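Structural characterization, general
The lines below spell out each chain.
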Amino acid sequence: FSAMLNGENELKGRVENLHKYLKSNTQDNDLMIIGYGIVARGDIEGCSKLIVNGQFEGDFMGKVLYVGENGRYSGDVSVDDAKILGHFEGTIHVNNLLEVGSGGIIEG
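In this report, the structure presented in the accompanying data block is examined. Keep in mind that this is a model prediction, so the values were computed, not measured. Sequence order as written defines the numbering, with residues in each chain counted from 1. Confidence filtering applies because this is a predicted model: local features only for residues at pLDDT of at least 70, side-chain atom pairs given and counted only at 80 or more, and all residues used for totals across whole chains, interfaces and linings. Heavy atoms throughout the structure, all of them, feed into the side-chain values; hydrogens and water do not.

Take the overall build of the chain next. Secondary structure is summarised from DSSP: a helix means a run of H or I of at least four residues, a strand means a run of E of at least two, and numbering begins at the N terminus for each. A tally of helices and strands in the chain yields one helix and nine strands. Moving toward the C terminus, one meets the helices and strands of the chain in the order α-β-β-β-β-β-β-β-β-β. Only protein chains enter the accessibility calculation, which uses a 1.4 Å probe; a residue is then buried when its area is under 20% of its type maximum, exposed when over 50%, and partly exposed in between. Counting all 108 residues of the chain, 33% fall into the buried class. Looking at the chain alone, contacts between residues at least 24 apart form 8% of all its contacts between residues at least 6 apart. As presented, the chain carries roughly 6600 Å² of accessible surface, and 49% of it is formed by carbon and sulfur atoms. Only heavy atoms enter the contact rule, under which two residues are in contact if any of them lie within 4.5 Å. Note on areas: Shrake-Rupley, 1.4 Å probe, and residue coverage restricted to the protein chains presented here.

Next up on the list: a negative patch on the surface. On the surface, a cluster of negative charge is made up of Asp43, Glu45, Asp59 and Asp76. Topologically, glutamate 45 is positioned in the loop between strand 2 (39–41) and strand 3 (49–52). A relative accessible area of 72% means that glutamate 45 is categorised as exposed. Like-charged residues are merged into a patch within 9 Å and nonpolar side chains (Val, Leu, Ile, Met, Phe, Trp, Tyr) within 5 Å, provided each residue has over 30% relative accessible area and no salt bridge. Each salt bridge in this description consists of a side-chain nitrogen of Lys or Arg and a carboxyl oxygen of Asp or Glu lying within 4 Å of one another. Within this scheme the basic residues Lys and Arg register as positive and the acidic residues Asp and Glu register as negative, but His and the chain ends are omitted. Charged side chains are reduced to one point each, which is NZ for Lys, CZ for Arg, CG for Asp and CD for Glu.

The nonpolar side chains of a soluble globular protein tend to be buried, and buried together. In this structure, Leu50, Val52, Phe56, Phe60, Leu65 and Tyr73 are the most contacted members of the largest nonpolar core, which totals 16 residues. Breaking this core down by element, the ones donating at least two residues are strand 3, strand 6 (64–67) and strand 7 (72–84). Considering each element in turn, this core owes the most residues, five residues, to strand 7. Apart from residues lying up to four places away in sequence, leucine 50 is in contact with Met32, Ile34, Ile44, Phe56, Phe60, Val64, Leu65, Tyr66 and Tyr73. Remark: nonpolar core denotes a set of buried residues (Ala, Val, Leu, Ile, Met, Phe, Trp, Tyr, Cys) joined through side-chain atoms within 4.5 Å.

If you trace the backbone, glycine 101 turns up in the loop between strand 8 (87–100) and strand 9 (105–107). Accessibility expressed as a relative area gives 22% for glycine 101, which makes it partly exposed. Expressed as a C-alpha distance, the spacing of glycine 101 and isoleucine 84, which sit 17 residues apart in the sequence, is 6.1 Å. Residues in contact with glycine 101, not counting those within four places in the same chain, are Ile84 and Leu85.

Next up, the structure:
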C-alpha cells in the first residue's frame, strides 16, 4: 500500500511540475496535448504550446514544445522553448531555451 501511495505522489508531483512549466511559458487557451497511447500525424497550426506524451509525426511552429518521458516526436519544430524528456527525431530550432532531460534523446 505504501508503494502505491509513493507512486501516486510521484505522479502528482510530475503533473504539478508540468503545469507550472506550461503556465510560466504561455496562456492556457492555445494548448494541444497528445496523450499517452495516442498517435497523431500532420502539421499543427494556430497552437502555441504542444505537449506530446504519445506519438506525433509532423511539423510544429509555436512557442513551447514539451515531449514527455514516454513521448515520441518526429518532424520539424520551430519554437521559443523546448523541453525534451522523451524521444525527438528531426530538426529543432529553439530561440530561447532547450532543456533535455536525463532520458531525453534528440536525433537529427
